[in-house]
Each structure stands twice: as structure tokens, then as C-alpha cells.
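Next come the chains, spelled out residue by residue.
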Amino acid sequence: MGSGAVKEIRVSELNTDEFISEKAKEISSVVGQGVAINALSGGVDSSAVTMLGHKALGERLKTYFIDNGIMRRQEPEQIVDIFRKLGVKVEIIDAQDKFFNALKGITEPEEKREAITQTFYKDVFAGLVRKSGAKYLLQGTILTDIDETVAGIKRQHNVFEQLGIDPQEAFGYKIIEPLVQLRKDGVRKVAEALGLPKGVFNRMPFPGPALSARVIGAVNRENIELVRIATSITEEELSSSGAFQYMAILHNDRVTGMRDGKRDFGLQIEIRCWDSVDARNARPSRLSFDTLDKLSQRITSEVPGVVSVTYNIATKPPSTMEAV
Ligand code: XMP
């Protein structure tokens with residue numbers, strides 16, 4: 001077991017045109033005259049797979065955006081719009097209730113990941129497979145997902161075979177992973193060569209478990225909305241920082257604050273902003289105090305109930321980038 005069986009293609013040896021035509025051929029020959037589905041999240045991995053799959057299969061690839069209720073503000077509409085302009089039709093599937101029900105009361109990080117995995121693959125995708133008559137799911141697993149899962153650090157929601165899980169047996173369909181030999185830097189090059197806009201091929205990473213990875217403790221619609229507002233503010237304020245990834249995290253322990261001259265036992269938001277090349281190691285960005293001050297001002301005034309804003313100064317390792 002492990003990623004040893006997968007032959008890595010380093011970015012220095014990657015010929016994007018060759019890679020694209022080879023992978024498109026492979027997808028066509030595996031799927032034959034059949035239908036495949038894929039889920040687009042708007043991240044660079046699933047976006048590259050969407051374009052590759054459409055190159056190979058045209059209309060025989062059905063692309064869905066799963067609205068799980070834990071994405072960022074306006075995310076479904078924005079992504080669908082970007083792909084419409086590229087000539088790719090994307091159908092939004094409202095699965096919010098399914099995800100919130102599955103996540104109800106779960107506090108343990110790996111159990112959250114498992115609930116999301118099961119909901120995506122067993123419930124939502126299996127339903128879409130039945131509806132579309134597809135036998136294959138195309139997905140953007142990359143080598144780093146496999147490494148981290150196999151190392152037991154974080155179970156990435158999209159890794160099965162390396163854990164000894166046969167998707168055909170477990171979920172009733174096969175999974176095709178055209179990007180599995182690449183790391184993020186290679187995927188970005190392929191995405192650019194596939195004609196995706198800069199906002200997509202350079203897009204900041206965002207985890208599969210989405211905002212549920214940014215709420216410590218149990219997830220519900222209310223606390224997701226709070227972290228969604230804090231995320232928008234953080235992304236607006238740090239977009240010009242040049243950092244690899246930045247995020248807001250909602251803690252579940254409260255601290256005493258004061259508002260309008262009264263005691264307010266309020267919420268805490270933690271900001272993280274990482275410098276990194278490939279997410280395997282990372283250091284906190286040396287943001288200016290003015291930037292941090294602006295973040296604190298905005299978060300305490302725009303996110304209801306927040307009385308404390310902190311900035312994480314630990315490196316990865318021993319930290320990880322996401323808090324959950
Ligand atoms: P960590 O927290 O493991 O994050 O240091 C490294 C990179 O991976 C992303 N990440 C995830 N992506 N599913 C994903 O698709 C996950 O469960 C997951 N956990 C972390 C994280 O955003 C960072 O870029």
C-alpha cells in the first residue's frame with residue numbers, strides 16, 4: 001500500500017500538451033461509448049479534470065456542482081458561470097440537507113471527513129450515477145492527497161484504493177483519476193494549458209470538506225454562516241498578500257468580551273495565513289500588524305458574536321494547515 005505504485009511526473013519533466021492528449025485518450029478508451037460523471041468544485045484539480053473529461057468525452061461527461069451547503073459565499077453560481085463561458089454545462093445539485101444531516105453532532109475531525117465522504121460517494125454520486133446511467137466517476141485526486149492519507153495524517157475525502165477500498169464494490173461505480181501522477185504545481189500547468197482562466201489555474205487550495213474543516217466542533221447551518229462571513233473578509237483582506245493559502249477558523253470555546261458596556265461571552269476566530277510551495281511544509285506569513293488590525297476590526301464588527309481574533313504563528317509541522 002502507499003503511493004509508491006503511482007509514477008510521479010515532476011513539474012520539470014511535464015509536457016502539458018503530451019499529458020493532455022495522453023490522458024484524454026486514456027479516458028476515451030476506458031469509458032468507450034458510455035457516460036461518465038464528475039463533480040466540479042471550482043478548485044484547480046476538479047476544474048482540470050472537467051476540461052480533460054470534456055475534451056475526451058464531450059457531452060458524454062455530465063458535470064455537476066454539488067451544493068453541500070458548506071462552500072464559500074456565491075461559490076456555486078460563480079463556478080457555473082466561469083464554465084458556461086468555456087462552453088461547459090454544469091448542473092447544480094442541491095444536497096444541503098443531506099450534508100447537514102450527516103454532519104449533525106459530529107465533533108471529531110476524521111469522523112467529519114468520513115461523514116462527508118460517505119454522503120458524497122454513497123448518497124449523492126450514487127444517485128447521480130443511477131440518474132445518468134454512468135459507470136464511471138472522473139475525479140481530480142492528486143499525489144499529495146494519497147501521500148497524506150496513506151501517512152495517516154489526514155484522510156483526504158477522495159482516496160480509496162490506497163486504503164484497500166474498491167469503489168465499484170463500495171459505491172457501485174468505477175473511479176478514473178487522470179491527475180494522480182501530479183502534484184499541485186503540475187496540475188496548475190495542465191489547467192493553464194487546458195485554457196482555464198488564471199483565477200482558476202492559480203486558485204488558492206480549498207479543502208474537500210470545505211468550511212466544515214474550518215469549524216472546530218459540531219457543524220450546523222448557523223456556525224457555517226459565521227465562518228463563511230469571516231472567510232470572505234479574510235480572503236478580501238489577504239488576496240494581495242501573495243500567500244499560498246489563508247483561512248478563518250471558528251473555535252467552539254468562548255471567551256469573555258464586552259459589547260455596548262456589557263459582558264459578552266463571545267466567539268473566537270483564528271486567522272491562518274501560510275507561505276508554502278506544496279503544502280507539505282508551511283510557515284505563517286509575516287503579515288503587517290496593520291493588516292492584522294484591519295482583519296480584527298472587520299471580523300469583530302461584521303461577524304455576529306465574535307469578540308476575539310487571533311493569528312496562528314506556528315509552522316507546519318507540528319501544525320497542519322487546516323485546523324480540523
Ligand atoms: P493540511 O491541513 O493537511 O493541509 O496541512 C494541506 C493542504 O491540503 C488541504 N486539505 C484538504 N484537502 N480534503 C482536501 O481536499 C481534505 O480533507 C483536506 N484537508 C486539508 C488544505 O487546505 C491544504 O491546502
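Structure first, text after, so check above.
No experiment lies behind these values; they were computed from the predicted model shown.

Peer 1: Can you break down the overall build of the protein chain residue by residue, with the values?
Peer 2: Broken down by element type, the protein chain carries eleven helices and ten strands. In terms of C-alpha radius of gyration, the protein chain reaches 20 Å, essentially the compact-globule figure of 20 Å for 324 residues. Along the first, second and third principal axes, the C-alpha atoms of the protein chain reach 70 × 40 × 40 Å. Buried positions account for 53% of the 324 residues belonging to the protein chain. Within the protein chain, contacts between residues separated by at least 24 positions form 75% of all contacts whose residues are at least 6 apart in sequence. For the protein chain, the accessible surface area stands at approximately 15200 Å², while carbon and sulfur atoms represent 49% of it. The protein chain carries 43 positive and 44 negative side-chain charges, and their two centres are separated by 2 Å.

Peer 1: Give a description of helix H5 (residues 109–132) that names residues and reports values.
Peer 2: Because an α-helix completes one turn every 3.6 residues, residues spaced three or four positions apart along the sequence face the same direction. Spanning 24 residues, H5 covers 33 Å between terminal C-alpha atoms, matching the ideal 34 Å at 1.5 Å per step. Approximately 35° is the largest bend angle found in H5, and it occurs at Phe125.

Peer 1: I'd like a description of the packing of aromatic side chains, backed by residues and values.
Peer 2: Using the criterion set out here, one finds seven aromatic pairs in the structure. On the numbers, 5.2 Å between centres and 90° between planes, the contact of Tyr121 with Phe125 is edge-to-face. With a gap of four residues between them, Tyr121 and Phe125 both fall in helix H5, about one helical turn apart. You'll find Tyr121 and Phe125 in the same group, each marked buried.

Peer 1: If you had to explain the layout of surface pockets to someone new, which residues and values would you point to?
Peer 2: For the largest pocket, the calculated volume is near 590 Å³. Considering the residues around the largest pocket, the lining is formed by 25 residues, among which Arg72, Arg203, Met204, Glu235 and Tyr246 are closest to the centre. Mapped onto the lining of the largest pocket, the elements with two or more residues apiece are helix H3 (75–85), helix H8 (184–193), helix H9 (198–201) and helix H10 (221–238). Among the elements that take part in the lining of the largest pocket, H10 stands out by supplying five residues, more than any other. Along the lines of polarity and charge, the residues of the lining of the largest pocket split into six nonpolar, eight polar and eleven charged.

Peer 1: Mind laying out the nonpolar core, listing which residues take part and the relevant values?
Peer 2: Core analysis: the biggest nonpolar cluster contains 88 residues, and Ile66, Tyr121, Phe125, Tyr173 and Leu179 have the highest contact counts within it. Top contributing element to this core by residue count: H5, with nine residues. If we ignore the near neighbours within four places in the chain, the residues touching Tyr121 are Ala126, Leu137, Gln139, His157, Asn158, Phe160, Phe171, Tyr173 and Ile175. If you look at the next biggest cluster of nonpolar residues, it comprises seven residues, including Phe244, Met247, Ala279 and Ala282.

The rules behind the values
- Residues numbered from 1 in each chain as written.
- Predicted model: local features only at pLDDT ≥ 70, side-chain atom pairs only at ≥ 80, totals over all residues.
- Heavy atoms only, no water.
- Helix = DSSP H or I, 4+ residues; strand = E, 2+ residues; numbered from the N terminus.
- Rg over C-alpha atoms; globule rule 2.2 N^0.38 Å.
- Buried < 20%, exposed > 50% of the residue type's maximum accessible area, 1.4 Å probe, protein only.
- Contact = heavy atoms within 4.5 Å.
- Areas by Shrake-Rupley, 256 points an atom, 1.4 Å probe, with all protein chains shown as cover.
- Lys, Arg positive; Asp, Glu negative; His and termini not counted.
- Charge placed at Lys NZ, Arg CZ, Asp CG, Glu CD.
- Expected span 1.5 Å × (residues − 1).
- Bend = angle between axes of the 7 residues up to and from the residue.
- Phe/Tyr/Trp six-rings, centres within 6.5 Å; stacked < 30°, edge-to-face > 60°.
- 1 Å grid on protein atoms, 1.4 Å probe; cavity = no way out; pocket = protein on both sides within 12 Å on 5 of 7 lines; lining within 4 Å.
- Points joined across faces, edges and corners; volume = space filled by probe spheres on them.
- Nonpolar A, V, L, I, M, F, W, Y, C, P; charged D, E, K, R; others polar.
- Core = buried A, V, L, I, M, F, W, Y, C linked by side-chain atoms within 4.5 Å.

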